[in-house]
Structure formats: C-alpha cells, structure tokens
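Residues per chain, in single letters:
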Amino acid sequence: MNQHVTLPSEVQEFYNAINQYQPEAFIDLFTPGASVKDNGKDIKGRDAIQAWGEAELFSAKVRYTIMEIEESGEAIAVTAEMEGEFNKNRVPAPQLFRHEFTVQGGKISTLIITLK
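What is the right way to read the overall build of the protein chain from this model?
Helices and strands together make up the secondary structure of the protein chain, namely 3 helices and 6 strands. Traced from its N-terminal end to its C-terminal end, the protein chain shows the element sequence α-α-β-β-α-β-β-β-β. Taken over the C-alpha atoms alone, the protein chain extends approximately 35 × 35 × 25 Å along its principal axes. Counting all 116 residues of the protein chain, 41% fall into the buried class. A fraction of 45% describes how many contacts in the protein chain between residues 6 or more apart in sequence connect residues 24 or more apart. Where the 11 positive side-chain charges of the protein chain centre and where its 17 negative ones centre are 5 Å apart.

How should I be thinking about the nonpolar core in this particular structure?
Side chains of nonpolar character tend, in soluble globular proteins, to be buried together. Within the largest apolar cluster, 33 residues are counted, with the highest numbers of intra-cluster contacts made by Phe 14, Tyr 15, Phe 26, Phe 30, Ile 49 and Val 78. At the level of elements, helix H1 (9-19), helix H2 (23-28), strand E1 (30-38), helix H3 (46-58), strand E3 (63-72), strand E4 (75-83), strand E5 (96-104) and strand E6 (107-115) are the ones that each hand at least two residues to this core. Here the element with the most residues in this core is H1; it accounts for 5 residues. Excluding anything up to four places from it in sequence, Phe 26 contacts Phe 14, Ala 17, Ile 18, Ile 49, Trp 52, Gly 53, Leu 57 and Phe 58.

When you look at the sheet that holds E4 in this model, what are you seeing that I'm missing?
Strands pair in a sheet through their backbones, by hydrogen bonds, and they do so in one of two ways: parallel or antiparallel. A sheet is described by the order of its strands in space; here 6 strands give the open sequence E2-E1-E6-E5-E4-E3, paired in mixed fashion. Of all the strands in the sheet, just strand E2 (41-44) and E3 have a single pairing partner and so form its edges. Pairwise comparison of adjacent strand axes, ignoring direction, gives a mean angle of 20° for this sheet. Sheet analysis places E5 next to E6, joined by 8 bridges and oriented antiparallel. Bridge assignment links Gln 104 to a residue of E6, and that residue is Lys 107.

Just to check I follow, could you spell out the pattern of salt bridges for this structure?
Oppositely charged side chains can form a pair if their charged atoms are brought close together. Per the stated rule, a full pass over the model turns up 5 salt bridges. Across the pair Arg 63 and Glu 83 runs a salt bridge, and its minimum N-O distance is 3.9 Å. Within this pair, whereas Arg 63 is found in strand E3, its partner Glu 83 is found in strand E4, the two being separated by 20 residues in sequence. A residue is classified by how much of its surface remains accessible, and Glu 83, at 38% relative accessible area, is partly exposed. A salt bridge links Glu 100 to Arg 98; its shortest N-O distance comes to 3.3 Å.

Just checking my understanding: could you explain unusual backbone geometry for this structure?
Generally, phi is negative for residues other than glycine and the peptide bonds are trans, each holding for most cases. Look at Tyr 21: it is not a glycine, yet its phi comes out positive at around 50°. In this fold, Tyr 21 is placed in the loop between H1 and H2. Overall, Tyr 21 belongs to the partly exposed group, its relative accessible area being 45%. One non-glycine residue, Lys 61, lies in the positive phi region at around 50°. With respect to the element layout, Lys 61 can be found in the loop between H3 and E3. Classification of Lys 61 as partly exposed rests on a relative accessible area of 44%.

Parameters and conventions
- Residues numbered from 1 in each chain as written.
- Predicted model: local features only at pLDDT ≥ 70, side-chain atom pairs only at ≥ 80, totals over all residues.
- Heavy atoms only, no water.
- Helix = DSSP H or I, 4+ residues; strand = E, 2+ residues; numbered from the N terminus.
- Buried < 20%, exposed > 50% of the residue type's maximum accessible area, 1.4 Å probe, protein only.
- Contact = heavy atoms within 4.5 Å.
- Lys, Arg positive; Asp, Glu negative; His and termini not counted.
- Charge placed at Lys NZ, Arg CZ, Asp CG, Glu CD.
- Core = buried A, V, L, I, M, F, W, Y, C linked by side-chain atoms within 4.5 Å.
- Pairing = 2+ DSSP bridges.
- Axes fitted to C-alpha atoms, helices over the stretch in contact; angles between N-to-C directions.
- Salt bridge = Lys/Arg side-chain N within 4 Å of Asp/Glu carboxyl O.

The values reported here are purely geometric and, on their own, carry no functional implication.
Structural data, given as structure tokens:
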C-alpha cells in the first residue's frame with residue numbers, strides 16, 4: 001500500500017460499509033446523481049446503486065482488503081482484493097479490483113470498477 005497517499009474518509013467509509021455489512025451507510029456515501037461503472041455496466045442514481053450494491057456486494061457477503069492506493073488526477077484509485085460468497089469462476093484468483101473514486105462535496109460522485 002502506498003503510504004504517501006491519504007485515503008479520503010468517504011472512500012474508507014465505502015470499504016467499511018461493505019466489510020461491516022451496512023447497506024444504509026453504503027448508499028449514504030453517494031451523491032444523488034452518482035454513477036458506478038462496474039466492468040462495463042453503467043449504474044446511475046442512488047436507487048440503482050443501492051440495488052446494484054445489494055445484488056453484487058451485500059448478498060454475496062463481499063469483503064475487501066485494500067492493497068494499494070494511488071492518486072489518479074482528481075480521483076483516488078484503490079486496488080483491493082475481494083472475498084465473499086460469489087461465483088469465483090467469473091473472476092481470476094486472486095480477485096483484485098481497481099476502484100477509481102471521484103469525490104465531490106463529501107460524497108462519492110463516480111466509481112469506476114475494473115479488474116486489476
């Protein structure tokens with residue numbers, strides 16, 4: 001993990017909410033018009049993000065371990081290893097994902113998720 005980059009509290013709370021199974025705290029981290037791009041799927045707005053979070057994260061009991069943090073322009077990119085109760089055949093082991101966050105006004109406005 002890059003010790004020279006500070007993880008914004010909103011981003012740390014994203015991982016805390018998922019790892020501690022707190023769907024209400026999770027959705028409160030996003031702006032009303034937020035968007036998530038998850039390996040090609042576009043999810044727009046808090047209602048859609050909430051449904052995506054339940055289907056892809058919370059129902060699978062996903063947990064993340066942060067491996068690396070980097071600044072990427074105005075965004076923060078985090079590489080995290082994912083564990084949980086999901087079909088591991090869909091994702092090569094180890095399950096490493098890059099999450100690129102843009103934060104505005106103390107909330108996550110965009111999140112782009114790609115395989116690492």
